[in-house]
Every structure is written in structure tokens, then in C-alpha cells.
Amino acid sequence: MITTVTFNPAVDKTAQVQTLVMGGLNRLQNVRQDAGGKGINVSKTLKAVGVDSLATGFLAGNAGDFIRQRLQDLEIAHDFVEVQGNTRTNLKVLDAAMTLTELNEAGPACSCDDIARLEEKLAQVQGILVLSGNVGPGVPEDIYRRLTEKAHAARLQVILDADGALFREGIQAGPDVIKPNRFELSQYFQVPEEELDTARMIVLARKLMETGTRLVVISMGEEGSLFVTADRAIVLPALKIPFQSAVGAGDAMVAGLACSLEQGLDLEQTAVLAVALSAGACMTEGTQPADAETVEALKLQVTWTEA
């Protein structure tokens, strides 16, 4: 079973404008609302390709009720901890050039008791644990490290997709799979991003494996992605697709990584599935995942080379 954890979910409101006018009036078009947050996006992608998961984390207020109802409509199993306040709403605006501007709320504060209740739920799960995204006020920076340590003690496999202090702490516990992008890699190792060519990224990825991580996936935007294990590295160029929005593309890739762990796929199969899911997410509006038929067609377009 795959369990996704979203500490700070959101109602994702996505809209379009011709040109974003700073300090002026902007009339939004094609406005849609989705249940969002990185872990929830992973669960939505898994459901779209016929893989079950359990979504958990924190929800609050009317916005939390909206997310529960959307997950119910999508037939995604969920078991969230209810906290005080109201789950955040994030506004994501795309202009005609597909430049994304995001306006994100902080989200409700969580108490130590709230965190303990979530940890009790996670103590009951088995299989694969996906820890992704930022956390809200009141959640300590070492939470992903602590949860990874507990998951490993219970023989769960862990995927970590986070940045900043959450990543720095979490990597110390040796999550099985991690998915930094090139900028996050440069931040962690304090190396200028422009100096990170493929060879350098492979070296740094293997440094991240010293605590026990088995697969490092580095996303590079329009340049594609790099999949690194202890003895192999493959580069996959980005697919040429009818682009709609990059919102949720990284989460879709994480869903592919979770499928890979559950199904025991090899490196090439893992990479092909993850890239196809990510590309499919870029072809939809908002945080909608691509359907299974689209993903299968995209898998046929994926190529890779040994690095």
C-alpha cells in the first residue's frame, strides 16, 4: 500500500490571464479549484493510473471539507487529522507565455498533539510512505527525518520530496528515494547551479546516498531528468508535448516513483513511467493528472541515454 502524507494541503485555485499586471486589475479566466498539496497530488495521479493509495495529513475548516469531498468524489481513500483553523487556499496564475505566478497562504498551525495524532495513524500503515511538500506553522523542521526513521523501523520504504531544512534533516535518515531538482541540489551543496553539469550532479547524487538512499532523481525542467543509483545513471530528455501547466508535474513524477517501489520495476521502467506521468501532468489544466491512456502513449516516446 502507498500512503501519501500532506502536512499542509490546499485548495488550489488555478487561473489564466493574458498579461499579469502588477499593481493593476487582472481579470481571471478559466478558473478552477482542485484538492491540492503535494501528497494529495501524488494520490490523484496514482488513482488516474489505477493504483490505490491512502492520503493523510492535516485538514481544517470549510476548505478541508472541500478537499475531503473531492477525494471522496475521486474514490481516493483518505484519513486526515482535523486541526483548528482553515486549510489554505493557493492561487496559481498562468499568463499567455505560460509564466506561473503563485500566491500561497501559510496554512493553519499544528500543535504537538496534532502531530502525535498523525504519527499514530502512520504507525498503522505498511508498504510505502511518501513524504512531500512543505509543512505548516508549528511543525518542526526535523519531522521528515523522524518519520523516516520510524517508517524504516517498521520496514516501510520512504520517498522524500522536500526542500530547504526539511530536505537537509530528512536526508539524514536515508529515505529510499529522493527527488530534488537541480536548484535544490545546488542549495544543499552550496554549489552555483550553473556549475552543475551531468557529471557533477551524478557525483553529488551519490554523496546523498551515503546515508542509505538507493535512488536519486534530479529534475531539470526543460532539460529533462537524471536518475542515479549507486552504479548507474541515465539521462532522460523532456518530452515534446502540448504544454498547459507545470503545476503538479513533480508530484506526478513522485507517483511514478511510488509505483516503481510497489511493483519492483527496474531503473529504466521506473524512469519511463515517472517521466511519462510528469509529462502528462504538464498537458492538463490545474493539478489534474493525465489519464492512463495518455500516460501509456507518452511512455512510448520516452528515451534515455547512459551517463
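Note: the structure precedes this text.
Residues numbered from 1 in each chain as written. Predicted model: local features only at pLDDT ≥ 70, side-chain atom pairs only at ≥ 80, totals over all residues. Heavy atoms only, no water.

A. Broad picture of the pattern of salt bridges. With the rule as written, the count across this model stands at 23 salt bridges. Linking Asp73 and Arg70 is a salt bridge whose minimum nitrogen-to-oxygen distance equals 3.4 Å. Taken together, the residues Asp73 and Arg70, both in helix H2 (residues 61-73) and 3 residues apart, mark about one turn of the helix. (Salt bridge = Lys/Arg side-chain N within 4 Å of Asp/Glu carboxyl O. Helix = DSSP H or I, 4+ residues; strand = E, 2+ residues; numbered from the N terminus.)

B. How the structure looks around the packing of aromatic side chains. Under the counting rule described, the total for this entry stands at 4 aromatic pairs. Judged by centre distance (5.5 Å) and plane angle (65°), the rings of Phe7 and Phe58 are edge-to-face. With a gap of 51 residues between them, Phe7 in the loop between strand E1 (2-6) and strand E2 (10-16) and Phe58 in strand E4 (residues 53-59) connect regions that are remote in the sequence. Phe7 sits in the buried class, given a relative accessible area of 2%. Taken together, a centroid distance of 5.8 Å and an interplanar angle of 65° make the contact between Phe7 and Tyr144 edge-to-face. Within this pair, whereas Phe7 is found in the loop between E1 and E2, its partner Tyr144 is found in helix H4 (residues 143-153), the two being separated by 137 residues in sequence. Aromatic ring contacts, followed pair by pair, group Phe7, Phe58 and Tyr144 into a single cluster. (Phe/Tyr/Trp six-rings, centres within 6.5 Å; stacked < 30°, edge-to-face > 60°. Buried < 20%, exposed > 50% of the residue type's maximum accessible area, 1.4 Å probe, protein only.)

C. Representation of the packing of helix H9 (residues 267-282) against helix H10 (residues 292-299). Packing of H9 against H10 leaves a shortest axis separation of 8 Å and a crossing angle of 125°. Looking at the two axes, H9 sits oblique to H10. The two elements H9 and H10 cross, and the hand of that crossing is right-handed. Residues Val272, Leu273, Ala276, Leu277, Ala279 and Gly280 of H9 form the contact with H10, whose participating residues are Val295, Leu298 and Lys299. Its residues assigned to classes, the contact of H9 with H10 shows 7 nonpolar, 1 polar and 1 charged. (Axes fitted to C-alpha atoms, helices over the stretch in contact; angles between N-to-C directions. Parallel < 35°, antiparallel > 145°, perpendicular 65-115°, else oblique. Left-handed = near helix turned anticlockwise from the far one by under 90°. Contact = heavy atoms within 4.5 Å. Nonpolar A, V, L, I, M, F, W, Y, C, P; charged D, E, K, R; others polar.)

D. Examining the pairing of strand E8 (residues 100-103) more closely. The pairing of strand E7 (residues 88-94) with E8 spans 4 bridges and is classified as antiparallel. Counterpart to Lys92 in the pairing with E8 is Glu102. Counting the residues between successive antiparallel strands, the hairpin from E7 to E8 contains 5 residues, one of them, Met98, with a positive phi of roughly 65°. (Pairing = 2+ DSSP bridges.)

E. Examining the side chain of Thr270 more closely. Its location among the elements puts Thr270 in helix H9. Here Ser260 takes part through its side chain, which lies 2.4 Å from a polar atom of the side chain of Thr270. Reaching out from Thr270, the side chain makes a polar contact with the backbone oxygen of Asp266 at a distance of 2.8 Å. Those residues in contact with Thr270 that lie beyond four places of it in its chain are Leu215, Phe227, Leu257, Ser260 and Leu265. (Polar contact = N/O pair within 3.5 Å; in protein donor to acceptor, adjacent residues only side chain to side chain.)

F. Layout of the environment of Met98. Along the chain, Met98 falls in the loop between E7 and E8. C-alpha separation for the pair Met98 and Ile202, spaced 104 residues apart in sequence, amounts to 31 Å. Leave out the neighbours within four places in its chain, and Met98 touches Phe243 and Gln244.

G. Representation of the sheet that holds E7 in the model. Taken in spatial order, the 4 strands make up an open sheet running E3-E2-E7-E8, and their pairing is mixed. Bordering the open sheet on either side are strand E3 (29-36) and E8, each of which pairs with just one other strand. The average undirected angle you get between the axes of adjacent strands in this sheet is 20°. Taken strand by strand, H2 contacts E2 and E3, and its axis lies near 85° from that of E3.

H. A look at the nonpolar core. Phe7, Ile143, Tyr144 and Leu226 are the most contacted members of the largest nonpolar core, which has 44 residues in total. When residues in this core are grouped by element, the largest group, 5 residues, is from helix H7 (residues 198-208). Once you skip the residues sitting within four places of it in the chain, Leu226 turns out to touch Thr198, Met201, Ile202, Val216, Val217, Ile218, Met220, Ala233, Ile234 and Val235. By size, the runner-up hydrophobic cluster in this structure holds 36 residues, among which are Ile2, Val130, Phe227 and Ala276. (Core = buried A, V, L, I, M, F, W, Y, C linked by side-chain atoms within 4.5 Å.)

I. Inspection of unusual backbone geometry at higher detail. The residue Asn30 is not glycine, and still its phi comes out positive at about 50°. Phi angles above zero are rare outside glycine, and Glu75 is one such case at about 60°. Mapping Glu75 onto the fold places it in the loop between H2 and strand E5 (77-78). The class for Glu75 is exposed, based on a relative accessible area of 62%.

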